[in-house]
Amino acid sequence: MSICLSAMCMCKFGAYLTRGFPKQRIFSSSTTRISTKIKRGSFSQVADSDVIAFRNIVGNNILTDPSDVDPYNIDCQRSYRGKSSIVLRPNTTDQVSQILEYCNKRNLAVVPQGGNTGLVGGSVPVFDEVILSMSLLNKVISLDEVGGILTCEAGCVLEMLNDRLADKGLVMPIDLASKGSCQIGGNISTNAGGIRFSRYGSLHGNVLGLKIVLADGSILDCMSAHRKDNTGYDLKQLFIGAEGTLGIITELAVALPPKPKAINVVLLSCESFDKVRQIVVLARSMLGEILSATELMDSEAMEFVVKQAKLVNPLDKSPFYVLIETAGTDDEHDRKKLDAFLESLFNEGIIDSGTVAGSVKEVSVCIMVLL
């Protein structure tokens, strides 16, 4: 059987994997042409009879007009361009299953696509694969406010989920610059880390359950809403970060941390990478449970952000900058820990200068720099 990609973003070898890696892979656009030595496999091409079969599965949720298909053929940075002639937009797991079963029998290559926010061309066709858009699988199935568990479909946009959780005192355990477009299924498929990895860990530890459609159309139900489940094999872990080589994620259950009530952000400058390391070690030991994010920027990165975002660097020019975010439940408690941390940095000569965001607006700007 041909292997297709899992839920949505990065890898695109799809059905190519079962027959070994081809020898040539070519991306092209109006401005670039990048060859990585992968040739098109011996797969069928989409025929009129296939379009009819797909319409019987997804109804009108199919795109064949070149002007409609074109945006799905181009990645978000407009660096890579595929040549697909068809986009399928299923809205149920059963439809995904029927599509993959049909494509497997017809030997048609498939590329799933979610928010199309990947930076390596993985969410657009290499050649003329059938594009399987997950955007209509966007329903929130349930929210357990007591247990802090969200069950939803893979096409839900990350920011939409966070907005829905805002008044429930909960938050998604991942935050990305592309949160307004990226989809949670693609996040899981690529095991995206995000800026708060140091606080909440990887998705391997936050995803409780998955429903996956395999390449032959069979459905693997690994859904669970239990935070503690030590029974049997944990098969879902195989699909987190598999980047599409094993199946398509269609539903998921994820554990939600409480939404922080107090957020503080500091921007620090230092003269060497060794001192950056000292900052990180001291932050872990002194900030402990309230440490939410730690990000490093060199002088070139800071200059680029300042120029592109039209911001003002609040610190003098320095070889390195470290942005630290804390998130807790008591602002006074967090401030005391943060003040003691900054005092130690200055007293030990680890940092040259630093600034603390003094308002919600300044915190937002700092987070924009961080993203």
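Residues numbered from 1 in each chain as written. Predicted model: local features only at pLDDT ≥ 70, side-chain atom pairs only at ≥ 80, totals over all residues. Heavy atoms only, no water.

## Side note on the sheet that holds strand β4 (residues 87-88)
Across the sheet, four strands lie side by side as β3-β4-β6-β5; this open sheet has mixed pairing. Pairing within the sheet leaves two strands with one partner each, and these edge strands are β3 (62-63) and β5 (110-113). (Pairing = 2+ DSSP bridges. Helix = DSSP H or I, 4+ residues; strand = E, 2+ residues; numbered from the N terminus.)

## Structural notes on the pattern of salt bridges
With the rule as written, the count across this model stands at 15 salt bridges. Between Arg 40 and Asp 128 there is a salt bridge whose closest N-O contact spans 3.0 Å. Here Arg 40 is found in the loop between β2 (33-35) and α1 (48-58), whereas its partner Asp 128 is found in the loop between β5 and β6 (130-133), with 88 residues between them in sequence. As a salt-bridge pair, Arg 106 and Asp 50 come within 2.7 Å of each other at their nearest N and O atoms. Linking Arg 106 in helix α3 (residues 93-106) with Asp 50 in helix α1, this pair joins segments that are 56 residues apart in sequence. (Salt bridge = Lys/Arg side-chain N within 4 Å of Asp/Glu carboxyl O.)

## Examining the nonpolar core
Among the nonpolar cores identified, the biggest contains 27 residues, and Met 172, Ile 188 and Leu 210 are the most heavily contacted of them. Where this core is concerned, the elements lending two or more residues are β8 (149-153), α4 (158-165), α5 (184-189), β9 (207-213) and β11 (248-255). With sequence-adjacent residues up to four places away left out, Met 172 is seen in contact with Leu 150, Leu 158, Leu 161, Asn 162, Leu 165, Ile 184, Val 254, Leu 256 and Pro 257. (Core = buried A, V, L, I, M, F, W, Y, C linked by side-chain atoms within 4.5 Å. Buried < 20%, exposed > 50% of the residue type's maximum accessible area, 1.4 Å probe, protein only. Contact = heavy atoms within 4.5 Å.)

## Overview of the sheet that holds β9
Strands sit in the order β7-β8-β11-β9-β10 across an open sheet of five strands; the sheet is antiparallel. With one partner strand each, in any of the chains shown, β7 (140-144) and β10 (219-222) form the two edges of the open sheet. Strand-to-strand twist across the sheet, computed as the mean angle between neighbouring axes with direction ignored, equals 10°. Summarising the sheet, β9 and β10 pair through four bridges and their orientation is antiparallel. When the bridges of β10 are listed, Leu 210 appears paired with Cys 222. (Axes fitted to C-alpha atoms, helices over the stretch in contact; angles between N-to-C directions.)

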